[in-house]
Amino acid sequence: DAGITQSPRHKVTETGTPVTLRCHQTENHRYMYWYRQDPGHGLRLIHYSYGVKDTDKGEVSDGYSVSRSKTEDFLLTLESATSSQTSVYFCAISGDWNTGELFFGEGSRLTVL
Amino acid sequence: GQNIDQPTEMTATEGAIVQINCTYQTSGFNGLFWYQQHAGEAPTFLSYNVLDGLEEKGRFSSFLSRSKGYSYLLLKELQMKDSASYLCAVSRGGGYQKVTFGTGTKLQVIP
């Protein structure tokens, strides 16, 4: 199994508060991704990174920011959480862009009240 | 834009064969993935098709027709543990991977 961990695994917060989710990998993979998964929508890409300090937006990036200061860590920040951001968030990594097989973390369940 | 369609739910009997279809419309197609996701868990990789044709991997096979924008996942000798969601995902490549997922097919295997 790929060495990828997410923290926290569960979080309940209130509307308007900042939230940061952390993804840590031990595989030295170049590409890292943040997805959210909601019923009826499947997995949707929020942001991705193709190297240290190199990030780009996915299809649902509004209200989210990311940072990658080290190869192993990719942070997802909700500056001011809203109820629409209640979701399960998955971090994923890939090392070979030709095959692009994604290895997923266990997921972080976020509830915004 | 992209559009990926797969059935929402399917039911099949233990020991039988089931085919899960996926159709897609996308620009810059690179390849097509299938992932398995058990309830409450992370998706795990099953297959990746780039060329037309059938690729077999144990009880699971995946087929791709690029000209038709069509793929299917074939599961043989179904087991109860195969009850899960199966996610079709399209890769658009372009220098670094961008993978877009369908909404998934929830498969229930019954005795």
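Just above sits the structure.
A brief look at the structure comes next. (Residues numbered from 1 in each chain as written. Chains lettered and ligands numbered in written order. Predicted model: local features only at pLDDT ≥ 70, side-chain atom pairs only at ≥ 80, totals over all residues. Heavy atoms only, no water.)

Some thoughts on the pairing of strand 8 (residues 70–75) of chain B
All names here are of chain B.
Move 1: Summarising burial for strand 8: five of the six residues are buried, a large majority.
Move 2: As paired elements, strand 3 (residues 18–25) and strand 8 share six bridges and run antiparallel to each other. Considered in strand 8, the bridge of Cys 22 is made with Ser 71.
Move 3: Across six bridges, the pairing between strand 7 (residues 60–65) and strand 8 is antiparallel. The residue of strand 8 that forms the bridge with Ser 62 is Leu 73.
Move 4: With antiparallel pairing between neighbouring strands as the criterion, strand 7 and strand 8 make up a hairpin whose turn holds four residues, including Gly 69 at a positive phi of roughly 60°. (Buried < 20%, exposed > 50% of the residue type's maximum accessible area, 1.4 Å probe, protein only. Helix = DSSP H or I, 4+ residues; strand = E, 2+ residues; numbered from the N terminus. Pairing = 2+ DSSP bridges.)

Some thoughts on the interface of chain B and chain A
Interfaces are frequently sized by the accessible area removed from exposure as the parts join.
Move 1: With 19 residues of chain B in contact, the opposing surface of chain A contributes 22 residues.
Move 2: In total, chain B and chain A occlude about 1700 Å² of area from one another, counting both sides; carbon and sulfur atoms represent 59% of this.
Move 3: Linking chain B with chain A are three residue pairs in polar contact (both at pLDDT 80 or more), by the criterion used here.
Move 4: Broken down by secondary-structure element, the contributors of at least two residues to the side of chain B that touches chain A are strand 4 (31–37), strand 5 (44–49) and strand 10 (99–101) of chain B.
Move 5: Partitioned by chemical class, the residues of the side of chain B that touches chain A number 10 nonpolar, seven polar and two charged. (Contact = heavy atoms within 4.5 Å. Buried area = accessible area lost by both parts, 1.4 Å probe. Polar contact = N/O pair within 3.5 Å; in protein donor to acceptor, adjacent residues only side chain to side chain. Nonpolar A, V, L, I, M, F, W, Y, C, P; charged D, E, K, R; others polar.)

Notes on the sheet that holds strand 3 of chain B
Residue and element names in this part refer to chain B.
Move 1: On the basis of which strands lie adjacent, the open sheet formed by five strands has the order 1-3-8-7-6 and antiparallel pairing. Every interior strand has two partners, whereas the edge strands, strand 1 (3–5) and strand 6 (53–57), have only one. Averaged over all pairs of adjacent strands, the angle between their axes in this sheet comes to 15°, without regard to strand direction.
Move 2: In this structure, strand 1 lies alongside strand 3, joined through three bridges in antiparallel fashion. Of the residues in strand 3, the one forming a bridge with Ile 4 is Tyr 24. (Axes fitted to C-alpha atoms, helices over the stretch in contact; angles between N-to-C directions.)

Geometric descriptors of this kind do not, in isolation, establish any biological role.
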